[in-house]
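Coordinate analysis (summary)
If you want the building blocks of each chain, they are given just below.
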Amino acid sequence: MEVIQQIDLSILLFIQEHLRVAWMNGFWEFITRFGDGGIFWIILTLALMIPKKTRKAGIVAACSLILGFLITNVTLKPLVDRVRPYNYSDAIIPLGRIPVESSFPSGHTCASFACALIYVRVLPKKYGIPLVVLASLIALSRLYLCVHFPTDVIGGFLVALFSSMVVYACHQRLEKKKVK
């Protein structure tokens, strides 16, 4: 486990020392706000539930978001209780708002991909693909700002992938039953 921690730390130090540039800091702080509390994804999901044409997409995304939240925030974060990178090493200098809850897995990443991976499957690609790009930027912002370790972001993505696959499979089953 210590080897993984050192690799994580090395990646963050590389980002901090070689990829951070002052003129980009505001951009990454702005991008990360889209993941704060999952609010952007919750609002988008609720908005998609209103028109009949996109209601199923909104409902399926809401289920994926809820499952991802339960796994990430209710189960894994308290169970793993991983410290944030800036609490692990004084060499890490976080930017923006400093989170205080556990680091693993990344809730921003999980919420973003839990919805985006549903939307890319059920909405036209011209809407789904930009949402996956946004989710990716949100995940990267957590590393750029040094508020998560890379494995936290990978963990958040994997939880989102799992929740979106489970929920989408259930949705497909229900759709097949309706056809019969």
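See above for the structure.
The notes below deal with the structure included here. Please read all numbers here as calculations on a predicted model, not as lab measurements.

Notes on the pattern of salt bridges
Evaluation of the coordinates by the stated rule reveals 6 salt bridges. Arg 33 is paired through a salt bridge with Asp 36; the nearest N and O atoms lie 3.3 Å apart. Among the salt bridges present, the one from Arg 82 reaches Asp 152, with a minimum N-O distance of 2.7 Å. Taken together, the residues Arg 82 in the loop between α4 (55-80) and α5 (85-88) and Asp 152 in helix α8 (residues 150-179) connect sequence positions 70 residues apart. Residue Asp 152 is classed as buried on the basis of its relative accessible area, which comes to 0%. Overlapping salt bridges bring together Asp 8, Arg 82 and Asp 152 as one network.

So, the packing of α4 against helix α6 (residues 107-122)
Packing of α4 against α6 leaves a shortest axis separation of 9 Å and a crossing angle of 155°. Taken together, the axes of α4 and α6 are roughly antiparallel relative to one another. In this structure, the crossing between α4 and α6 has a hand that is right-handed. Touching Ala 57, Gly 58, Val 60, Ala 61, Ser 64, Leu 65, Gly 68, Thr 72 and Lys 77 of α4 are Gly 107, Cys 110, Ala 111, Ala 114, Cys 115, Ile 118, Tyr 119 and Val 122, all from α6. Its residues placed into classes, the contact of α4 with α6 shows 11 nonpolar, 5 polar and 1 charged.

Brief notes about the state of the cysteines
Within the structure shown, the criterion is met by 0 disulfides. Take Cys 110: it sits in no disulfide, and the sulfur closest to it among the cysteines is that of Cys 115, at 9.2 Å. The buried category is assigned to Cys 115, whose relative accessible area is 0%.

Reading the values: the criteria
- Residues numbered from 1 in each chain as written.
- Predicted model: local features only at pLDDT ≥ 70, side-chain atom pairs only at ≥ 80, totals over all residues.
- Heavy atoms only, no water.
- Salt bridge = Lys/Arg side-chain N within 4 Å of Asp/Glu carboxyl O.
- Helix = DSSP H or I, 4+ residues; strand = E, 2+ residues; numbered from the N terminus.
- Buried < 20%, exposed > 50% of the residue type's maximum accessible area, 1.4 Å probe, protein only.
- Axes fitted to C-alpha atoms, helices over the stretch in contact; angles between N-to-C directions.
- Parallel < 35°, antiparallel > 145°, perpendicular 65-115°, else oblique.
- Left-handed = near helix turned anticlockwise from the far one by under 90°.
- Contact = heavy atoms within 4.5 Å.
- Nonpolar A, V, L, I, M, F, W, Y, C, P; charged D, E, K, R; others polar.
- Disulfide = S-S within 2.5 Å.

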